[in-house]
Amino acid sequence: MIAVPEPDLTPRELIARAVAMRPTLLERQAETEQLTVYPKNTHEDFLQAGFYRILQPRRYGGYEFDASTFYRVVTELTRGCPSTGWAFSLTAAHVLQVASFFGEKTQDELFGDDGDFRAPSTVAPVGMAQPDGDGHVVLDGTWSYSSGSPYATHYLAHTLRAPENPGDRPGFVLFVAPRSSWTLLDDWYGTLGLRGSGSNSIRFDQARIPTHYTLEGGLLDLPVEGGTAGSELHGQAMYAGRPASFLQGEIAALMIGTAYAAADEYARIVSERRLVMDPSHTRADLHDYQRHLGEALAAIRTADAAMRANADDWMEAAADNVSGRAPFTTEVDDRLALVHLTAARMAWEALQGILFRTAGTRHGRDGERMQRYFRDASTMWTHPCHSMPEPLARRVGRARLGLPSDDIPLVS
């Protein structure tokens, strides 16, 4: 057992800390892009605030708060700096899956004596796992787009297992590896947006990790019906929820936070921009700009409300799953994922279709925050999660019609 740093900390207090940190993150935006990851003092701020421990089990020094709390913190941090929010979320969230699927022995070793755990992740498999015959697996290859990796203590990713029979397809292997087993490559630069997200590549050179740090299967497809090793170990249903819809919730929180940031900047822009023919007034006095901001905020807040309610539904689905009331099936996972994806799209459309479009060309120049938000959101929109609306919609529709849907792949 590892002591929780602040045993009486509440979700409300943690969210308030994220809100209070927004002005500081705003000031550090340019520095974050220059460094290609948020600066060390931001990392220290996050450690002190307890943000990395939101989803971590209390057994290992975490707060074991719910999905909605995590998403709300991500939204607030992203509202201060989208690159920072992205790097934070895609590193701090994966403790949930490690605590869900790996056994007690593995978790005891991974969380160590202090519970310091941060793990970026990628879904695409690299290389072929090679058992060494001595209770270890050898990993070799380079895993790209490992967001938040400069501050990682571990890495959660996939490799492949050689097929048992000639002609069979290789199988997925999920693994978690400590920081000592891999090298961080200095290759995150030249991107349109999220320039400060620390999405570096990670290199394994014939690295050996214990076999019990691996699981057969892909993370998004691991079975949760009836509970998991983690939900039993921690007595917490959250650790028996499906990862795919949770991931879509992260992406929604990030896009919503970026859209809020753009709305904040829009309000500043129109309040300061004086009218050419009437310098005693600003654009904030014009009906059109008032309407643009109001419509954008309505869409963003609707998306935010949908994300929060959907997070509660995810928690309820996990609880029903463990109690035996109803299994957390892929059908439920698809439905929850599609709501999050729809929320993200609403926020994106408000940002690019209203706020960026009507802010004025001068705010698309280098160094302007509105340009940064547009670049960051555009890059977020290229994430594989946003390629799933059509197949997810088909799967959800077919399930409602009583038709099979598992044969529709989410990604090609």
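Let me sum up the structure you'll find in this document. (Residues numbered from 1 in each chain as written. Predicted model: local features only at pLDDT ≥ 70, side-chain atom pairs only at ≥ 80, totals over all residues. Heavy atoms only, no water.)

## Examining the overall build of the protein chain
Put simply, the rule reads: What counts as a helix is a DSSP run of H or I of at least four residues, what counts as a strand is a run of E of at least two, and both are numbered from the N terminus. Exposure categories follow from relative accessible area, calculated using a 1.4 Å probe and restricted to protein chains: below 20% of the type maximum is buried, above 50% is exposed, and the middle band is partly exposed. Working definition of accessibility: Shrake-Rupley area with a 1.4 Å probe, residue cover restricted to the visible protein chains. Charged-residue counts in this description rest on Lys and Arg as positive and Asp and Glu as negative, His and the chain ends being excluded. For charged residues, the charge sits on one atom: NZ in Lys, CZ in Arg, CG in Asp, CD in Glu.
Assigned secondary structure in the protein chain consists of 13 helices and seven strands. When the backbone C-alpha atoms are referred to their principal axes, the protein chain occupies close to 80 × 50 × 50 Å. Among the 412 residues that make up the protein chain, the fraction classed as buried is 55%. Counting every atom, the protein chain has about 17,800 Å² of accessible surface; 51% of that belongs to carbon and sulfur. Of the side-chain charges in the protein chain, 39 are positive and 52 negative, and the distance between the mean point of each set is 6 Å.

## Some details on the environment of Ser146
Filter applied, for reference: Any pair of residues with heavy atoms lying within 4.5 Å of one another is described as a contacting pair. In protein, a polar contact requires one atom able to donate a hydrogen and another able to accept it; more generally it is a pair of N or O atoms within 3.5 Å, and residues adjacent in sequence count only if both atoms are side-chain atoms.
Within the element layout of this structure, Ser146 appears in strand β2 (residues 136-146). Judged by relative accessible area, which is 0%, Ser146 ranks as buried. Put simply, Ser146 and Thr122 are 24 residues apart on the chain and 6.3 Å apart in space, counted from C-alpha to C-alpha. Not counting the four nearest positions on each side in its chain, Ser146 is found in contact with Pro120, Thr122, Tyr155, Gly198, Ser199, Asn200 and Ile202. Polar side-chain contacts of Ser146 include one of 2.8 Å to the side chain of Tyr155.

## Section: the sheet that holds strand β7 (residues 214-216)
As a reminder of what qualifies: Strand pairing follows a simple DSSP-based rule, namely that at least 2 bridges must link the two strands. Every axis corresponds to a line fitted to the C-alpha atoms, with the helix fit spanning only the stretch in contact, and the corresponding angles, defined between N-to-C directions, vary from 0 to 180 degrees.
Taken together, three strands build an open sheet; the order of strands is β3-β4-β7 and the sheet is antiparallel. Taken across any chain shown, the strands that pair with only one partner, and hence form the sheet edges, are β3 (154-161) and β7. Along the sheet, successive strands turn relative to each other by an average axial angle of 20°, direction set aside. One ladder, built from three bridges, connects strand β4 (residues 171-178) with β7; its direction is antiparallel.

## Remarks on the packing of aromatic side chains
Our working rule: For this analysis, a ring pair means two rings from Phe, Tyr or Trp (six-membered ring only for Trp) whose centres lie within 6.5 Å, classed as stacked if their planes differ by under 30 degrees, edge-to-face if by over 60, and tilted for the remaining angles.
Scanning the model with the defined rule gives 25 aromatic pairs in all. Geometrically, the ring pair formed by Tyr38 and Tyr151 is stacked, given 5.0 Å between the ring centres and 20° between the ring planes. Of this pair, Tyr38 sits in the loop between α2 (29-35) and α3 (40-49) while Tyr151 is found in the loop between β2 and β3, placing the two residues 113 residues apart along the sequence. Take Tyr38: its relative accessible area is 2%, and that puts it in the buried class. Both rings, one in Tyr71 and one in Phe246, keep their centres 5.1 Å apart while their planes meet at 40°; by these two values the pair is tilted. Taken as a pair, Tyr71 in helix α4 (residues 67-80) and Phe246 in helix α9 (residues 243-272) lie far apart in primary sequence, 175 residues in all.

## Some thoughts on helix α7 (residues 104-111)
We count it as follows: Directions drawn from the helix axis to the C-beta atoms are what define this arc.
Taken as a whole, α7 has its buried residues at Thr106, Gln107, Leu110 and Phe111. All buried residues of α7 fall inside an arc of 115° around its axis, so they share one side. Where α7 terminates, the next one or two residues include Gly112, which has phi positive at roughly 60°.

## Structural notes on the nonpolar core
Which entries qualify depends on this criterion: Nine residue types can take part in a nonpolar core, namely buried Ala, Val, Leu, Ile, Met, Phe, Trp, Tyr and Cys, and a core is a set of them joined through side-chain atoms within 4.5 Å.
Judged by nonpolar contacts, the single largest core of 113 residues is most densely connected at Phe51, Phe70, Phe88 and Phe204. Take this core: its biggest share by element is 16 residues, from α9. Contacts of Phe88, omitting those with residues within four sequence positions, involve Tyr38, Phe46, Phe51, Tyr52, Ile54, Phe70, Val73, Val74 and Leu77.

## Comments concerning the packing of α9 against helix α11 (residues 330-359)
Operational definition: Note on angle classes: values under 35 degrees are labelled roughly parallel, values over 145 roughly antiparallel, values of 65 to 115 roughly perpendicular, and the remainder oblique. Each crossing gets its hand from how the near helix is turned against the far one by less than a right angle, where anticlockwise is left-handed and clockwise is right-handed. Residues are grouped as follows: Ala, Val, Leu, Ile, Met, Phe, Trp, Tyr, Cys and Pro are nonpolar; Asp, Glu, Lys and Arg are charged; every other residue, Gly included, is polar.
For the pair α9 and α11, the least separation of the axes is 8 Å and the interaxial angle reads 20°. One way to sum up the angle between α9 and α11 is to call them roughly parallel. Note that α9 runs across α11; the crossing there is left-handed. Here the contact of α9 with α11 is built from residues that sort into 18 nonpolar, six polar and one charged.

## A closer look at the pattern of salt bridges
How we decide: Whenever a carboxyl oxygen of Asp or Glu lies within 4 Å of a side-chain nitrogen of Lys or Arg, that contact is scored as a salt bridge.
Applying the stated criterion across every chain yields a total of 21 salt bridges. The partner of Asp134 in a salt bridge is Arg208, with the nearest N and O atoms 3.7 Å apart. Residue Asp134 is located in the loop between β1 (130-131) and β2, and its partner Arg208 is located in strand β6 (residues 200-210); the two are separated by 74 residues in the primary sequence. When its relative accessible area of 44% is taken as the criterion, Arg208 is described as partly exposed. Taking the shortest distance from any N to any O, the salt bridge between Arg291 and Glu295 comes out at 3.9 Å. On the criterion of helical spacing, the pair formed by Arg291 and Glu295 is a turn pair, its members being four residues apart in helix α10 (residues 287-323). Residue Arg291 is classed as partly exposed on the basis of its relative accessible area, which comes to 39%. Take Glu295: its relative accessible area is 41%, and that puts it in the partly exposed class.

## Topic: helix α13 (residues 389-400)
One turn of an α-helix holds 3.6 residues; hence residues three or four places apart share an orientation. To keep things clear, this is the line we draw: Working rule for helices: expected span equals 1.5 Å times residues minus one.
Its twelve residues give α13 an end-to-end C-alpha distance of 16 Å, which sits within 8% of 16 Å, the value for a rise of 1.5 Å per residue. Among the residues making up α13, those that are buried are Pro391, Leu392, Arg395 and Ala399. Taken around the axis of α13, the buried residues stretch over an arc of 100°, which confines them to a single face. Facing away from the buried side of α13, by more than 90 degrees, are the exposed residues Glu390 and Arg400. Against α9 and α11 lie the buried residues of α13.

## Section: the sheet that holds β6
Across a sheet, paired strands are connected by hydrogen bonds in the backbone, their directions being either parallel or antiparallel. The strand order across the open sheet formed by four strands is β1-β2-β6-β5, and the pairing between neighbours is antiparallel. Of all the strands in the sheet, the pair left with one neighbour each is β1 and β5 (183-184). In the sheet, β1 pairs with β2 via two bridges, with the strands oriented antiparallel. Bridge pairing in β2 links Pro131 to Val137.

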